[in-house]
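Descriptive analysis of the structure
So the chains spell out like this:
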Amino acid sequence: MGFEEMWASLLPVGRDPESGGYRRFVWTAPELECRAWFLDEARRRDLEVERDRNGNLFAWWYPEGIDPSVKGVLTGSHLDSVPGGGAFDGPLGVVSAFAAIDLLRERRVRPDRPIGIGAFAEEEGARFGVACLGSRLLSGAIDPGRARGLTDGDGRSFAEVAAENGIDPDTIGPDEELLGRIGCYVELHVEQGRALTDPVGVASSIVPHGRWRFDFAGEGNHAGTTRLADRRDPMLAFARMVLAAREAAERNETVATVGKVHVTPGGVNAIPSSVAAWLDSRGPVDDAVRRTVAEIHEAARAGAGAHGVTVDLAEESYTEVVDFNLDLRDRVVKALGGVPVLPTGAGHDAGILASRMPTAMVFVRNPTGVSHAPSEFAEEDDCLAGVEALATVLNDLACG
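Here's a quick rundown of the structure. (Residues numbered from 1 in each chain as written. Predicted model: local features only at pLDDT ≥ 70, side-chain atom pairs only at ≥ 80, totals over all residues. Heavy atoms only, no water.)

**Quick word on the overall build of the protein chain**
Note the cut-off: The helix and strand labels rest on DSSP assignments: H or I over at least four residues marks a helix, E over at least two residues marks a strand, and numbering proceeds from the N terminus. All radius of gyration figures rest on C-alpha atoms, and the globule criterion is 2.2 Å times the number of residues raised to 0.38. When accessible area is computed with a 1.4 Å probe and restricted to protein chains, residues below 20% of their type maximum are described as buried, those above 50% as exposed, and intermediate ones as partly exposed. By definition in these notes, contact holds between two residues if any of their heavy atoms fall within 4.5 Å. In these tables, accessible area is a Shrake-Rupley quantity obtained with a 1.4 Å probe, and a residue counts as shielded only by the protein chains included in the view. Charge counting follows a simple rule: Lys and Arg are positive, Asp and Glu are negative, and His as well as the terminal groups are ignored. A charge is said to be at NZ when it belongs to Lys, at CZ for Arg, at CG for Asp and at CD for Glu.
Each helix and strand in the protein chain was counted, giving 12 helices and 15 strands. What you see for the protein chain is a C-alpha radius of gyration of 22 Å, in line with the 21 Å of a compact globule of 400 residues. Summarising its shape, the C-alpha atoms of the protein chain cover approximately 80 × 45 × 40 Å along the three principal directions. Within the span of the protein chain, comprising 400 residues, buried residues form 53% of the whole. At a minimum sequence separation of 6, the contacts of the protein chain that also span at least 24 residues come to 77%. Accessible surface, the protein chain as shown: approximately 16700 Å² in total, 49% of it carbon and sulfur. Averaging the coordinates of the 40 positive side-chain charges in the protein chain and doing the same for the 62 negative ones gives two points 2 Å apart.

**Some thoughts on the sheet that holds strand β12 (residues 310-319)**
Going by this rule: By definition, two strands form a pair when at least two bridges between them are found by DSSP. Axis lines are fitted through C-alpha atoms, for helices just across the contact stretch, and the angle between N-to-C directions can take any value from 0 to 180 degrees.
Overall, antiparallel pairing links the 4 strands, which are arranged β9-β11-β7-β12 in an open sheet. The outermost strands of the open sheet, each flanked by one partner alone, are β9 (255-264) and β12. Neighbouring strand axes in the sheet, compared pairwise and without regard to direction, differ in orientation by 15° on average. Where β9 lies against strand β11 (residues 274-282), 9 bridges are found, and the strand directions are antiparallel. Among the inter-strand pairings, Thr264 is bridged to a residue of β11, identified as Ser274. Lying on the sheet, helix α8 (residues 234-252) is in contact with β7 (209-217), β9 and β11; it crosses β9 at an angle near 170°. Across the sheet, helix α9 (residues 286-306) touches β7, β9, β11 and β12, and the angle it forms with β12 is around 165°.

**Re the pattern of salt bridges**
The line we're drawing: Criterion for a salt bridge: a side-chain nitrogen of Lys or Arg within 4 Å of a carboxyl oxygen of Asp or Glu.
Taken as a whole, this structure holds 22 salt bridges when the rule is applied. Among the ionic pairs, Arg181 bridges to Glu50, the shortest N-O distance being 3.2 Å. Placement of the pair is Arg181 in the loop between α7 (176-179) and β5 (182-190) and Glu50 in strand β1 (residues 48-51), with a sequence separation of 131 residues. What makes Arg181 partly exposed here is its relative accessible area of 22%. For the salt bridge of Asp152 with Arg127, the shortest nitrogen-to-oxygen distance reads 3.0 Å. Placement of Asp152 in the loop between α5 (144-149) and α6 (158-164) and of Arg127 in the loop between β4 (115-120) and α4 (133-139) is noted, with a sequence separation of 25 residues between them. Since its relative accessible area comes to 9%, Asp152 is described here as buried. Each of Glu41, Arg44, Arg45 and Asp102 takes part in salt bridges that share partners, so that together they form one network.

**Looking at the packing of aromatic side chains**
We apply this condition: When the centres of two rings from Phe, Tyr and Trp lie within 6.5 Å, Trp using its six-membered ring, the rings pair. Their planes under 30 degrees apart give stacked, over 60 give edge-to-face, and anything left gives tilted. Two limits define a charge over a ring: the Lys NZ or Arg CZ must be within 6 Å of the ring centre, and within 35 degrees of the ring normal.
Summed over all chains, the structure comprises 13 aromatic pairs. A centroid spacing of 6.2 Å and a plane angle of 80° characterise the contact between Phe88 and Phe377, whose relative ring orientation is edge-to-face. Pair noted here: Phe88 is in the loop between β3 (72-78) and α3 (91-106) and Phe377 is in the loop between β15 (359-364) and α12 (380-398), with a separation of 289 residues, a long-range link. Ring geometry for Trp212 against Tyr318: centres 5.9 Å apart, planes inclined by 55°, an arrangement best described as tilted. One end of the pair, Trp212, is in strand β7; the other, Tyr318, is in strand β12, with 106 residues separating them in the sequence. Residue classification places Tyr318 among the buried residues on the basis of a relative accessible area of 15%. An aromatic cluster of three or more residues is present, and its members are Phe3, Trp7, Phe88 and Phe377. The side chain of Lys260 reaches across the aromatic face of Trp278, ending 4.6 Å from its centre.

**Things to note about the pairing of β7**
Sheet topology note: the β7/β11 ladder contains 9 bridges and is antiparallel. Paired with Gly210 across the bridge in β11 is Ser281. Bridge count between β7 and β12: 9 bridges; the pairing is antiparallel. What sits directly across from His209, in β12, is Thr319.

This is the structure we're talking about:
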């Protein structure tokens, strides 16, 4: 099965027929169907399949006679999505990995080291709130106790849901044996802006980024009978915080986004008793991002004080700037004949794993620059160029 057929077979899974967007949250029916697809593709190629203690999937090509102690080259990405996301973010890297192995086999390439394909769990953090959760657990970038206590929108814990899906929550966390078998990781991904004008490029770095939760608490009351002067409305403090996010981002040359809000009780004719809001902020340097969040917090406190409500701030995740391994990056660029090198404002499993092994990223051009939305797109010719590029990189890294 070639790239086009594989892509077509995965495309309908978890797609909203009206909006065209995807909802593939970890361990929900659509994401489980994606996992089954991954296992089918691996077995079709006689790859050795394993699921680690954190729910990440791997498929390994062990050529006959290979020394089992030789560290392998891992590629892949993720299969889950943001709410209403696009088709390419994540799955493109997994489909391309299978297609790249097919190309190597068609060309009768015999690797000197294992080649693996990974599909990391909860990369988007759409269900349990922490991005790249599978790779964070694998690499030790998050405390397993904290991960067990994470909850989804229905109040179900990560530990509970993991157990229902065959994962022992008491054993989640770093897997040194697995990490010790991986020599490097190269992730192919659709570029999520429109900085790349060539069909493929290579990442230089990932900018600092994080997520914060603001909790505003006031007093619920009747929307028609409560005088304005008597109200303790947390929505007003929240509104101040949203406007402050844009202003702070402009001052500090960062970006700041409030894209998720929970209002309690959520009635049209009721003053809210509480508002929970999530902030995403990113920027070129750590200090600028930290300063942005601090200024937003200060504005939120001022707004809360003015309206008789309280506000609490909690950092849910933060990743400092990631500079990809220079030697590996330069080797990938050279293997591809000198393609463009560019930074990215999007987080990836490659950025998390960079603390434990050399990692690199290959980007496929995004003509519209749209991502995390149904209209996310890449031309088929560019996707095929990405497969060819990934095969070239794997050939260079695993065959010499």
